[in-house]
Amino acid sequence: MRFMIIVKSTRGSEAGVMPSERLLSEMGKFNEELVKAGVMLAGEGLHPSAKGARVRFSGKQRSVIDGPFAETKELIAGFWLWQVKSLDEAIEWVKRCPNPFDTDSEIEIRQVFEAGDFGAEFTPELREQEARLRTQLAAKP
């Protein structure tokens, strides 16, 4: 099972406060553990929402909303993508994670959809297309 591990933003991360050398070192060690255990597939920190944008969809219309965005607690400061056996295993890994900030913080865990989760609507043709795209992505340097 794949899970996205979502590090929620704080006022500090949204203000552009960078992590300390100590925290970077602790996170580096944690990431090494994840890689050695075969859990980590990807992981990155994100710039504050002030450097981002949202695209709102309304029928065929598209509108762009520039950051920053008001609700800090709803924003993402970073993420990991993990391959684990269960939600419980993902929770156990998150509990071992250093606090990503020098203040109270929160990490959300969400399971990633797999092809089988979509049922009959995910036709053989769509499955073939998905497999082709994954092969192309894996081949990129």
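As a reminder, the structure under discussion sits directly above these lines.
The written sequence of each chain sets the order in which its residues are numbered from 1. Thresholds applied to this predicted model are a pLDDT of at least 70 for local features of residues and 80 or more for the giving and counting of side-chain atom pairs; totals over whole chains, interfaces and linings are not thresholded and use all residues. Note that the side-chain values use all heavy atoms of the structure and ignore hydrogens as well as water.

J.: Pulling in residues and values, what's your account of the environment of Glu 106?
T.: Tracing the backbone shows Glu 106 in the loop between helix H3 (87-96) and strand S6 (107-111). We classify Glu 106 as exposed; its relative accessible area is 52%. Sequence spacing of Glu 106 and Pro 124 is 18 residues, and the spatial spacing of their C-alpha atoms is 39 Å. Contacts are assigned to residue pairs with any non-hydrogen atoms lying within 4.5 Å of each other. Setting aside residues no more than four positions away along its own chain, Glu 106 makes contact with Ile 6, Val 7 and Lys 8. Strands here mean DSSP runs of E at least two residues long; helices mean DSSP runs of H or I at least four residues long; both are numbered from the N terminus. Summary of the burial criterion: residues with accessible area below 20% of their type's maximum are buried, those above 50% are exposed, and those between are partly exposed, where the area comes from a 1.4 Å probe applied to protein chains only.

J.: A description of the side chain of Thr 10 should follow, citing residues and the corresponding values.
T.: Looking at the secondary structure, you find Thr 10 in the loop between strand S1 (2-8) and helix H1 (11-14). You can call Thr 10 buried: its relative accessible area is 10%. Sequence-distant contacts of Thr 10, that is, excluding residues within four places in its chain, are made with Thr 72, Phe 101, Thr 103, Asp 104 and Ser 105.

J.: Which residues make up the packing of aromatic side chains, and what are the values?
T.: Classification of ring pairs uses Phe, Tyr and Trp, with its six-membered ring standing for Trp, and accepts pairs whose centres are within 6.5 Å; under 30 degrees between planes counts as stacked, over 60 as edge-to-face, and the remaining range as tilted. One pass over the structure, following the stated rule, counts six aromatic pairs. Relative to Trp 80, the ring of Phe 30 lies with its centre 5.7 Å away and its plane at 75°, an arrangement referred to as edge-to-face. Separated by 50 residues along the polypeptide, Phe 30 in helix H2 (residues 21-36) and Trp 80 in strand S5 (residues 76-83) bring together distant segments of the chain. By relative accessible area, which is 2% here, Phe 30 ends up buried. A residue is classified by how much of its surface remains accessible, and Trp 80, at 6% relative accessible area, is buried. Ring-pair connections join several aromatic residues into one group, and the members of that group are Phe 30, Trp 80, Trp 82 and Trp 93. In this analysis the charged atom, NZ for Lys or CZ for Arg, is taken to sit over a ring once it is within 6 Å of the ring centre and within 35 degrees of the ring normal. When the ring centre of Phe 69 is taken as reference, the NZ or CZ atom of Arg 54 above it lies at 3.9 Å. Above the plane of the ring of Trp 93 lies Arg 96, whose end atom (NZ or CZ) is 4.3 Å from the centre.

J.: Explain H3 to me, and be specific about the residues and the numbers.
T.: When we look at burial in H3, the residues that qualify are Ala 90, Trp 93 and Val 94. Down the axis of H3, the sector holding all buried residues measures 100°, keeping them to one side. Exposed and facing more than 90 degrees away from the buried side of H3 are Asp 88 and Lys 95. Where H3 is buried, its residues meet S1, H2, S5 and S6. To obtain the arc, one takes the directions from the helix axis to the C-beta atoms.

All quantities given are derived from atomic positions and should not be read as evidence of function.
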